[in-house]
Amino acid sequence: MTPRERWIRTMRFQSVDHVPDEEFGYWDNTFTAWHDQGLPKEVNSNGNCDPYFGFAPRSGVPVGIGLTPGFQHEVLEETADYQIVRDGTGVTKQIFTSGKDTIPHYLDYPLKGRKEWEELFKPRLEISLKNRYPENRDDWQAIKDQFNDPNWEIPVGIGFGSLFGWLRDWMGFENISVMMYDDPDLMHEMVEHLATLTCTVIKRAVEEIEIDYASGWEDMCFNNGPIISPEMFRQFLTPNYKRITDLLKENGVDIVYTDCDGNINDVIEPWLEGGDNTMFPVEVRAGSDPVAIRETYGKDILILGGVDKHALIQGKPAIKKYLERIQPYVEEGGFIPHVDHRCPPNVTFDDYVYYLHLKREMFGIPHPEHFEDRPEIKAIKAGW
């Protein structure tokens, strides 16, 4: 069974030889901590770690939906401990360079109202821009030939951007919250524009390429629930999600997920109503329990993630107990287990290797020989 067949069949509750072997990723300071614990120094980013650990790859169709062009990146101030920058989305933020804090401090947002929407953002979200696809026709043909090759073995996805999360990033949490009450017409206009842009851009790709899944990004939930109420979600977002997912499903793409951290429970139903049927990464400690979600929604919901990072922090007994808890739900299908966010540095490299080993054992995933044969992995396993 090829990785592509395995991935699609798993997400459609069909029989497979084993569940796909995937993980979300790692914080930068996780690599730093793990280097002192045995991880080779050359494994130092989310871009080069998957081959080391032996995870199954996925592929994506390269079309552009975001700001084109982006804002000019500028360093406005720099000290020994931090930089103040204006990034490619126009947001001004303080980035701490001491390594003690990885979360920027946001200082100013470029999207404040209709004036900025019309002058700064709509031109960068122009629907007819040709450079949202490769300019060279032969390059696009090569992409189509690659992914439509019947021998292509890697799952093929396409991104559909964001309807709320991007606006929140461009405006800030307080500003977007106020706008939904003070200027709902502009909010509707912006969300609808993003949905129209998405549909227009991805239409060509989904019609010309056999695509297996679609993915978006929102991050619109905190530990206590969503930024906006389910009612507001249905008012502003659900109909526009449905425009996108209807287009996808018309072209055979029936696995659709949106990346959202935090407690997603109150917005699962509005997402389902909009055609988004896959929850990712299902952050457990925030209250997004994959077992409760599966028991509530059954096979209407697919799950990517759902392995509690705090179980890994607590060590081997907690890891084993947690994986045993989700095992029946993974085995029924529609559930690819991996850590529910980027793995933090307070998970030891030893315990992470143990987690991978046990996950592979429990779900019948072959142990990658190149990983198992490495001296640092043999040394870790000898100490268990």
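Note that the structure is predicted; figures quoted are calculated from it, not measured.

(A) Seen up close, the overall build of the chain. Scanning the chain from terminus to terminus reveals 16 helices and 13 strands. Viewed in the frame of its principal axes, the chain has a C-alpha envelope of about 65 × 55 × 45 Å. Buried positions account for 52% of the 384 residues belonging to the chain. Considering only contacts within the chain whose residues lie at least 6 apart along the sequence, 69% involve residues at least 24 apart. Per element, the accessible surface of the chain, about 17200 Å² overall, is 48% carbon and sulfur.

(B) Expanded view of the packing of aromatic side chains. Scanning the entire structure with this criterion turns up 27 aromatic pairs. Summarising the aromatic geometry, the rings of tryptophan 34 and phenylalanine 349 are spaced 5.4 Å apart at their centres and angled 45° between planes, so their arrangement reads as tilted. You can see tryptophan 34 sitting in helix 2 (residues 28-35) and its partner phenylalanine 349 sitting in helix 14 (residues 349-362), a full 315 residues away along the chain. Taking the relative accessible area as the measure of exposure, tryptophan 34 reaches 0% and is therefore buried. Ring pairing ties together the aromatic residues Tyr26, Phe31, Trp34, Tyr52, Phe53, Phe55, Phe349, Tyr352, Tyr355 and Phe371, which thus form one cluster. The ring of tyrosine 213 carries arginine 58 above its face, with NZ or CZ at 4.9 Å from the centroid.

(C) Layout of helix 8 (residues 184-208). Between its first and last C-alpha, helix 8 extends 36 Å over 25 residues, near the 36 Å set by a 1.5 Å rise per residue. For helix 8, the principal kink sits at isoleucine 202 and spans about 35°.

(D) The arrangement of the environment of tryptophan 117 in detail. As for its placement among the helices and strands, tryptophan 117 is situated in helix 4 (residues 114-121). A sequence separation of 37 residues divides tryptophan 117 from isoleucine 154, and the C-alpha atoms of the two residues are 39 Å apart. Beyond its immediate chain neighbours, meaning those up to four positions away, tryptophan 117 contacts Leu111, Lys122, Pro123, Leu125, Leu186, Glu189, Met190 and His193.

(E) How the structure looks around the nonpolar core. Of all hydrophobic cores here, the largest spans 115 residues; its most connected members are Phe53, Val61, Ile158, Met220, Leu237 and Tyr352. Sequence-distant contacts of methionine 220, that is, excluding residues within four places in its chain, are made with Phe164, Arg168, Pro226, Ile227, Ile228, Phe233, Leu237, Cys260 and Trp271.

(F) Region of the structure containing the sheet that holds strand 4 (residues 92-96). Spatially, 2-3-4-5 is the arrangement adopted by the 4 strands of the open sheet, whose pairing is antiparallel. Edge positions in the sheet fall to strand 2 (74-78) and strand 5 (105-108), since each of these pairs with one other strand and no more. Each strand axis lies, on average, 25° off the axis of its neighbour in the sheet, ignoring direction. The pairing of strand 4 with strand 5 spans 3 bridges and is antiparallel. Counterpart to lysine 93 in the pairing with strand 5 is tyrosine 106.

(G) Spatial organisation of helix 2. All of the buried residues along helix 2 are Thr30, Phe31, Trp34 and His35. Take helix 2 and look down its axis: the buried residues cluster within an arc of 135°, on one side only. Set apart from the buried face of helix 2 by more than 90 degrees, the exposed residues are Asp28 and Thr32. As for helix 2, its buried residues are in contact with helix 3 (50-53) and helix 14.

(H) Representation of the sheet that holds strand 7 (residues 213-217) within the structure. Strand order across the open sheet formed by 7 strands is 1-6-7-10-11-12-13, with parallel pairing between neighbours. Edge strands, defined here as strands with exactly one partner in the open sheet, are strand 1 (59-60) and strand 13 (335-339). Bridge count between strand 10 (residues 256-259) and strand 11 (residues 278-280): 3 bridges; the pairing is parallel. Paired with threonine 258 across the strands is methionine 279, a residue of strand 11. The sheet contacts of helix 11 (residues 290-297) involve strand 12 (302-307) and strand 13, and relative to strand 12 the element is tilted by about 155°.

Each value, and the rule that gives it
- Throughout, residues of each chain are indexed from 1 in the direction in which the sequence is written.
- Given that the model is predicted, a residue must reach a pLDDT of at least 70 before its local features are reported, and side-chain atom pairs must reach 80 or more before they are shown or counted; all residues, however, enter totals for whole chains, interfaces and linings.
- Side-chain measures were taken over the full set of non-hydrogen atoms in the model, leaving aside hydrogen atoms and water.
- Put simply, DSSP H or I for four residues or longer makes a helix, DSSP E for two residues or longer makes a strand, and each gets a number counted from the N terminus.
- Exposure categories follow from relative accessible area, calculated using a 1.4 Å probe and restricted to protein chains: below 20% of the type maximum is buried, above 50% is exposed, and the middle band is partly exposed.
- The contact definition used throughout considers only heavy atoms, calling two residues in contact when any of these lie within 4.5 Å.
- Exposure was quantified through the Shrake-Rupley algorithm and a 1.4 Å probe, taking into account, for residues, occlusion by the shown protein chains and nothing else.
- Think of it this way: a Phe, Tyr or Trp ring, Trp meaning its six-membered ring, pairs with another when their centres are within 6.5 Å, and the plane angle makes it stacked under 30 degrees, edge-to-face over 60, tilted otherwise.
- Whether a charge lies above a ring is judged from NZ of Lys or CZ of Arg, which has to be within 6 Å of the ring centre and within 35 degrees of the ring normal.
- Helices are assigned an expected span. That span is 1.5 Å times one less than the residue count.
- Axes are fitted to the seven residues ending at a residue and to the seven starting at it; the angle between these axes is taken as the bend at that residue.
- Nonpolar cores were defined as sets of buried Ala, Val, Leu, Ile, Met, Phe, Trp, Tyr and Cys residues, with membership established by side-chain atoms within 4.5 Å.
- Strand pairing follows a simple DSSP-based rule, namely that at least 2 bridges must link the two strands.
- In this analysis, axes come from line fits to C-alpha atoms, helices being fitted only over the stretch in contact, and the angle between any two N-to-C directions falls in the range 0 to 180 degrees.
- When we speak of the arc, we mean the arc of directions from the helix axis to the C-beta atoms.

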